[in-house]
Amino acid sequence: MLKKERYNRVIDYFQEHMPVAETELHYSNPYELLVAVILSAQCTDKRVNLLTPAIFERYPQPEDMALATPEEIFELIRSCSYPNNKSKHLVGMAKMLIEDFKGIVPDDIKELQKLPGVGRKTANVIASVVYEKPAMAVDTHVFRVAARIGLTTNSKTPLDTEKQLVKYFPEELLPIAHHWLILHGRYVCIARKPKCGRCGLKEFCRYYEKEVYSVK
């Protein structure tokens, strides 16, 4: 199957079966989403959603968080992964937002990456989810699912995956395609034992063809 045909079939499937796909992180403004995404690194969205209400209540604006100490933030996120680093990142991020961006979360991926705790994946999430820019954030789910289905070929890094997905997905679909792949990886194409029996993509999935169907 040609790669373009595979992409078209994936798009057709998700447009029919997952017409609405969005982040599962809870937020009400760009600042809150930025905090949540920083916390979500190596941590589940479910855990982050348990932590953020208390954080947003105590620090409703970046100006409030900029006045906090990492130790104060740590007490609110200690059950999250890497709380020491993330507490420092959150305070540094808030301070830079105030000092360099007038308290406004930037919409440019390069500018976003200047903020402490914000790598390319986080920057792409913000640009895509908040500002609806044609960006593709690649986390472990996207990296795994794209390779298994056959949307990427010989991709060794998240950046390789991002470049291939951006090349073949129509630009206007990139924001939702990011969520399609994440949610599919979170609930169906899971890491250790993908649920191929209930997957609607298996008819044109490279992994299913090689690892499941061929051994029957």
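Residues numbered from 1 in each chain as written. Predicted model: local features only at pLDDT ≥ 70, side-chain atom pairs only at ≥ 80, totals over all residues. Heavy atoms only, no water.

A. Here's a closer look at the packing of helix H9 (residues 140–149) against helix H10 (residues 158–168). Axis separation between H9 and H10 bottoms out at 10 Å; the angle between their running directions is 60°. In terms of orientation, H9 and H10 fall into the oblique class. Crossing angle aside, the handedness with which H9 passes H10 is left-handed. Two secondary-structure elements touch here, H9 through Val 142, Phe 143 and Ala 146 and H10 through Pro 158, Thr 161 and Leu 165. (Axes fitted to C-alpha atoms, helices over the stretch in contact; angles between N-to-C directions. Helix = DSSP H or I, 4+ residues; strand = E, 2+ residues; numbered from the N terminus. Parallel < 35°, antiparallel > 145°, perpendicular 65-115°, else oblique. Left-handed = near helix turned anticlockwise from the far one by under 90°. Contact = heavy atoms within 4.5 Å.)

B. Seen up close, the side chain of Thr 52. With respect to the element layout, Thr 52 can be found in helix H3 (residues 45–58). Given the relative accessible area of 2%, Thr 52 is considered buried. Residues contacting Thr 52, with those up to four places away along its chain left out, are His 26, Ala 36 and Leu 39. (Buried < 20%, exposed > 50% of the residue type's maximum accessible area, 1.4 Å probe, protein only.)

C. Layout of the packing of aromatic side chains. Scanning the model with the defined rule gives 4 aromatic pairs in all. Here Tyr 13 and Phe 14 contribute two aromatic rings whose centre-to-centre distance is 5.4 Å and whose plane-to-plane angle is 75°, an arrangement assigned as edge-to-face. Residue class for Phe 14 comes out buried when judged on its relative accessible area of 1%. Centroid distance Phe 14 to Trp 180: 5.4 Å. Interplanar angle 15°. Geometry classified as stacked. Placement of Phe 14 in helix H1 (residues 3–17) and of Trp 180 in helix H11 (residues 174–187) is noted, with a sequence separation of 166 residues between them. (Phe/Tyr/Trp six-rings, centres within 6.5 Å; stacked < 30°, edge-to-face > 60°.)

D. Geometry of H10. Taken residue by residue, H10 has Thr 161, Glu 162, Gln 164 and Leu 165 as its buried positions. Packed against the buried residues of H10 are H1, helix H8 (120–129), H9 and H11.

E. Quick peek at the layout of surface pockets. Its volume calculated, the largest pocket comes out at about 770 Å³. In terms of lining residues, the largest pocket is bounded by 33 residues, among which Ser 40, Cys 43, Asp 45, Lys 121 and Asp 139 are the most central. Listing elements by their share of the lining of the largest pocket, those giving two or more residues are helix H2 (30–39), H3, helix H6 (83–101), H8, H9 and H11. Top contributing element to the lining of the largest pocket by residue count: H11, with 5 residues. Along the lines of polarity and charge, the residues of the lining of the largest pocket split into 11 nonpolar, 14 polar and 8 charged. (1 Å grid on protein atoms, 1.4 Å probe; cavity = no way out; pocket = protein on both sides within 12 Å on 5 of 7 lines; lining within 4 Å. Points joined across faces, edges and corners; volume = space filled by probe spheres on them. Nonpolar A, V, L, I, M, F, W, Y, C, P; charged D, E, K, R; others polar.)

F. Fine view of empty space enclosed by the protein. Enumeration over the complete set of coordinates arrives at 1 cavity of 30 Å³ or more. When its volume is computed, the largest cavity comes out at roughly 80 Å³. Elements that contribute at least two residues to the lining of the largest cavity include exactly H9 and helix H12 (206–212). Considered class by class, the residues forming the lining of the largest cavity number 9 nonpolar, 1 polar and 3 charged.

G. Representation of the environment of Val 125 within the structure. Among the secondary structure elements, Val 125 is positioned in helix H8. Classification of Val 125 by relative accessible area gives buried; the value is 10%. Taking C-alpha positions, Val 125 is 9.9 Å from His 179, a pair spaced 54 residues apart along the chain. Excluding residues that lie within four positions of it along the chain, Val 125 makes contacts with Val 37, Val 130, Ala 137 and His 178.

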